[in-house]
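Each chain is listed here by its residues.
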Amino acid sequence: MTTRFEELDWKPTPIGDISLRRRRDPLSGDDVYEVKLGDEFLMSSLFTEGEIALARLGLAPLAHRTDLDVAVGGLGLGYTAQAALEVPGVRSLTVVDTLGEVIDWHRRGLVPLGTALGSDDRCRLVHGDFFAMVLEGHGLDPQTEARLFHTILLDVDHSPRHVLHPSHAALYRPAGLSALTRFLHPGGVFALWSNDPPDDDFVSLLAHAFQDAVAHVVEFPNPLRGGTSTNTVYVAVTGSAPGTGA
């Protein structure tokens with residue numbers, strides 16, 4: 001049994017004070033883990049359907065592959081990373097997070113999936129700024145300059161229009177999306193989680209940078225408000241190189 005409410009960690013960061021909390025849900029009796037940035041809720045283990053769908057939808061176009069190298073921008077509570085590892089064919093997973101404090105929660109076992117991710121040899125947690133790594137051209141693997149991935153999954157900002165830091169906005173513009181394609185294999189996939197409804201203008205931007213783009217609506221029950229809520233997962237696929245069949 002845990003107490004009804006407990007703050008497991010609190011740290012000041014360059015983008016604001018971040019805290020990890022655990023509370024007992026009065027309806028289910030389960031422990032709920034929540035992350036706050038300042039006074040704003042970033043994520044909760046009560047709502048994980050969108051994060052899991054991000055991995056499944058982002059990897060679905062490559063279901064025929066058995067040698068997938070995947071990158072994730074944003075570790076959070078680890079649900080996207082864990083869902084990616086559960087997809088057959090994933091041989092490596094590189095998870096980039098700008099906050100060392102979040103990576104530390106996993107390594108210390110303060111969050112439910114920390115032990116599982118830490119014990120999977122395919123998974124590597126990287127402390128870095130996903131947006132700067134892409135836009136500056138270095139790539140998402142500090143050990144291999146400009147390494148290519150089959151799928152890149154991103155769950156950091158609330159949406160392309162509602163970013164956590166002004167420096168993130170450039171990625172969602174034509175030049176930023178074009179830069180992102182340079183780190184994908186031919187036929188590779190970029191998938192993005194958003195808390196907002198589908199944005200037709202952003203789908204158009206994706207379609208110009210990639211060969212194909214679509215917005216999926218993910219519906220899930222909301223016990224706090226009653227009824228259902230939705231997230232959006234954008235999936236964009238690059239063109240295949242001649243003769244690759246990727």
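Keep in mind that what you see is a predicted model, and the values were worked out from it rather than measured. (Residues numbered from 1 in each chain as written. Predicted model: local features only at pLDDT ≥ 70, side-chain atom pairs only at ≥ 80, totals over all residues. Heavy atoms only, no water.)

A. Local environment of unusual backbone geometry. A positive phi angle is found at Ala146, which is not glycine, with a value near 60 degrees. Residue placement: Ala146 occurs in the loop between α5 (130-135) and β8 (149-154). Among the residues examined, Ala146 registers a relative accessible area of 35% and is labelled partly exposed. (Helix = DSSP H or I, 4+ residues; strand = E, 2+ residues; numbered from the N terminus. Buried < 20%, exposed > 50% of the residue type's maximum accessible area, 1.4 Å probe, protein only.)

B. Structural detail: the sheet that holds β8. Taken together, 7 strands build an open sheet; the order of strands is β7-β6-β5-β8-β9-β11-β10 and the sheet is mixed. On the outer flanks of this sheet lie β7 (123-127) and β10 (212-221), each paired with one strand and no other. If you compare each strand with its neighbour and ignore which way they point, the axes differ by 20 degrees on average. When strand β6 (residues 90-97) meets β7, the two strands line up parallel, connected through 5 bridges. Note that in β7 the partner of Val96 across the bridge is Val126. (Pairing = 2+ DSSP bridges. Axes fitted to C-alpha atoms, helices over the stretch in contact; angles between N-to-C directions.)

C. Local environment of the sheet that holds strand β1 (residues 5-13). Strand order in the open sheet formed by 4 strands is β1-β2-β3-β4, and the pairing between neighbours is antiparallel. Each edge of the open sheet carries a strand with a single partner, namely β1 and β4 (40-44). Between one strand and the next, the sheet's axes are offset by a mean angle of 20 degrees, whatever the strand orientation. Of the pairings in the sheet, the one linking strand β2 (residues 16-24) to strand β3 (residues 31-37) comprises 7 bridges and is antiparallel in character. Bridge pairing in β3 links Arg22 to Tyr33. Its contacts with the sheet put helix α3 (residues 100-107) on β1, β2 and β3, and the angle it makes with β2 is roughly 30 degrees. (Contact = heavy atoms within 4.5 Å.)

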